[in-house]
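Structural overview
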Amino acid sequence: MTENSPTAFADRIDATGVDPVRDWSARRTYRAADFRPADLVAAKAGRRVSVVLPARNEESTVGVIVEALRTELVIGVPLIDELVVVDSHSTDTTAAVARTAGARVVAQGEILPALGDVPGKGEALWKSLVATDGDIVVFLDSDLREFDTDFAVGLLGPLLTEPGVVFSKGAFDRPLDDGRTVLPAGGGRVTELVARPLLATHWPALTGFIQPLGGEYAGTRAALESIPFAGAYGVDIGILIDLYEAFGLDALAQVDLGRRVHRNSPDSALAVMAMHQHLAVLERLQRHGRVAGAAAPGDTLRLHRRDGVSGEFVSESVAVAPGERPPMREVRGG
Ligand SMILES: O=c1ccn([C@@H]2O[C@H](COP(=O)(O)OP(=O)(O)O)[C@@H](O)[C@H]2O)c(=O)[nH]1
Ligand SMILES: O=C(O)[C@@H](COP(=O)(O)O)O[C@H]1O[C@H](CO)[C@@H](O)[C@H](O)[C@H]1O
């Protein structure tokens, strides 16, 4: 148990009105613009940085992302020491496009073959730890549109400059591409309908994370190699929960990366993704002793939006206490 572990961390507003999540957010929310690549190169102080892109059938976007990272943050300034694409059983030209753009491409199935291979993003990220050697590892999705290398700079910022921070997660606006146009909001459907309510119920301390499922995050190798990786799309929420349980909230940070546009899957695919969240959370409820009765469930849903005036993210808390009524026959004395 760390000084910030759940049993020590007052997960909800206490009697004095102190809101620990709001205090954490004020202390550990950064902006990509807070960090300059050249300053971060100096801050590396001998540490190596690996950037990993898990990619399954991303031929239309992976090349642009790799080329931008290589041009600006490998050749332009030596911030990134290795740029690796994990080819996650693609059936298109993802591997060739990524290689041509300058990435080292590793086939997911060829890493740790003795341990077999499980389809899914979680396997790609877990195996990437074997295929890379950086002291800090940055994960970026390969289906991003409008990619900006500030995503990597921002995520590396707190890890290279804030002692004690072992993990940083991207925060951003989530437009929704409905196939005809890109709507300004509406993305992050599994986040809003599944992950955020699950965390509000079981891990209120993590409700300050604006995008708990976003695929853009970074961690120290030591921290990432100390926790299990949930399979498939449960990996993202699993890493967040397990690093919180192991290192406490103040070791985690989030960085405002602006706006994130990616390929939006159909609802049918999101149902499977949603089930991955439930399975990852259920496993962690048991593992971290948050079984029923160990702690009162959260009763507040913290919603985030970008303020039109300040341009900063603001949050509002909605009380959620549905309660329950007893069987009517008991009320009637039956
Ligand atoms: O089996 C898989 C599934 C997904 N991905 C990658 O993981 C990232 C996030 O997946 P996806 O875009 O399908 O999720 P979404 O962002 O739509 O929730 C993308 O770079 C995918 O190419 C992967 O490497 N292996
Ligand atoms: O945030 C979400 O709800 C989902 C789906 O996003 P959209 O509704 O398609 O914008 O996307 C995220 O979730 C996946 C599962 O954790 C991550 O792997 C993806 O990187 C992330 O984009």
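Residues numbered from 1 in each chain as written. Chains lettered and ligands numbered in written order. Predicted model: local features only at pLDDT ≥ 70, side-chain atom pairs only at ≥ 80, totals over all residues. Heavy atoms only, no water.

**Brief notes about the overall build of the chain**
Heads up, the condition is: A run of DSSP states H or I qualifies as a helix once it reaches four residues; a run of E qualifies as a strand once it reaches two. Both are numbered from the N-terminal end. Radius of gyration here is computed from C-alpha atoms only, and the compact-globule reference equals 2.2 Å multiplied by the residue count raised to the power 0.38. Throughout, a contact is declared for two residues whenever any of their heavy atoms are within 4.5 Å.
What the chain contains, in helices and strands, is eleven helices and 14 strands. Whereas a compact globule of 334 residues would reach a radius of gyration of roughly 20 Å, the chain reaches 20 Å, a difference of no more than 12%. Viewed in the frame of its principal axes, the chain has a C-alpha envelope of about 75 × 45 × 40 Å. Intrachain contacts of the chain at a sequence separation of at least 6 include 73% that bridge at least 24 residues.

**Side note on the nonpolar core**
So the rule is basically this: Among the buried residues, those of types Ala, Val, Leu, Ile, Met, Phe, Trp, Tyr and Cys that are joined through side-chain atoms within 4.5 Å form a nonpolar core. Exposure is judged per residue with a 1.4 Å probe applied to protein chains only, and the accessible area is read against the type maximum: over 50% gives exposed, under 20% gives buried, and values in between give partly exposed.
The biggest cluster of nonpolar side chains holds 46 residues, and the ones touching the most others in it are F139, L206, F229, I239 and L252. If you list the elements that add at least two residues to this core, you get β3 (82–87), α5 (121–131), β5 (136–139), α7 (189–202), α8 (221–224), α9 (235–247) and α10 (267–287). Take this core: its biggest share by element is seven residues, from α9. Excluding residues within four positions of it along the chain, L252 makes contact with W24, R28, V166, F167, L206, F209, L240, L243 and Y244.

**With respect to the sheet that holds strand β11 (residues 252–259)**
Here is the rule we go by: The criterion for strand pairing is that DSSP finds at least two bridges linking the strands in question. In this description, a line fitted to the C-alpha atoms serves as the axis of each element, helices being fitted only across the stretch in contact, and the angle between N-to-C directions of two axes falls anywhere from 0 to 180 degrees.
A sheet is described by the order of its strands in space; here eight strands give the open sequence β1-β11-β7-β10-β5-β2-β3-β4, paired in mixed fashion. Looking at the sheet topology across the chains shown, the edges are occupied by β1 (29–31) and β4 (104–107). For this sheet, the mean inter-axis angle between neighbouring strands, taken without regard to orientation, is 25°. Bridge count between β1 and β11: three bridges; the pairing is parallel. Residue pairing for β11: Y30 is matched across the bridge by V255.

**Comments concerning the UniProt feature "domain: Glycosyltransferase 2-like" (unreviewed entry) in the chain**
Using the following cut-off: UniProt positions are given in the numbering used here, feature names are shortened, and annotations may be inferred rather than shown by experiment.
Mapped onto this numbering, the UniProt entry gives "domain: Glycosyltransferase 2-like" (unreviewed entry) at residues 50–144. Between the first and last C-alpha atoms of residues 50–144 the distance is 19 Å; the span itself is 36% helix and 22% strand.

**Side note on the site of ligand 1**
The criterion, for reference: Summary of the distance rule: residues count as near a molecule or strand when at least one heavy atom falls within 4 Å of that molecule or strand. In protein, a polar contact requires one atom able to donate a hydrogen and another able to accept it; more generally it is a pair of N or O atoms within 3.5 Å, and residues adjacent in sequence count only if both atoms are side-chain atoms. Note that Gly is not counted as nonpolar here; it falls among the polar residues with everything else outside the nonpolar set of Ala, Val, Leu, Ile, Met, Phe, Trp, Tyr, Cys and Pro and the charged set of Asp, Glu, Lys and Arg.
Neighbouring residues of ligand 1: 15 residues in total, closest P54, E58, S88, S142 and Y233. Between E58 and ligand 1, the recorded distance is 2.6 Å, taken from a side-chain N or O atom to an oxygen atom. Here an oxygen atom of ligand 1 and a side-chain polar atom of R263 are 2.9 Å apart. Split by residue class, the shell around ligand 1 holds four nonpolar, five polar and six charged.

**Description of a nonpolar patch on the surface**
The test is simple: The residues that make up patches have over 30% relative accessible area and no salt bridge, and they are joined within 9 Å when like-charged or within 5 Å when they are Val, Leu, Ile, Met, Phe, Trp or Tyr. Residue burial considers only the protein chains on display, and all accessible areas are found by Shrake-Rupley using a 1.4 Å probe. Should a side-chain nitrogen of Lys or Arg be within 4 Å of a carboxyl oxygen of Asp or Glu, the pair is scored as a salt bridge.
Among the surface-exposed residues, L112, L115, W126 and V130 lie close enough to one another that they form a single nonpolar patch of about 360 Å² accessible area. With respect to the secondary-structure elements, W126 resides in helix α5.

**Things to note about the pattern of salt bridges**
One pass over the structure, following the stated rule, counts 30 salt bridges. Each of K121, D141, E216, D236 and R260 takes part in salt bridges that share partners, so that together they form one network.

**A look at the pairing of β5**
In β5, alternate side chains face the same way, and those of I136 and V138 on one face and V137 and F139 on the other are all buried. In this structure, strand β2 (residues 49–55) lies alongside β5, joined through four bridges in parallel fashion. Among the inter-strand pairings, V52 is bridged to a residue of β5, identified as F139. Two elements, β5 and strand β10 (residues 217–220), share four bridges in a ladder whose sense is antiparallel. The residue bridging I136 from the neighbouring strand is T220, located in β10.

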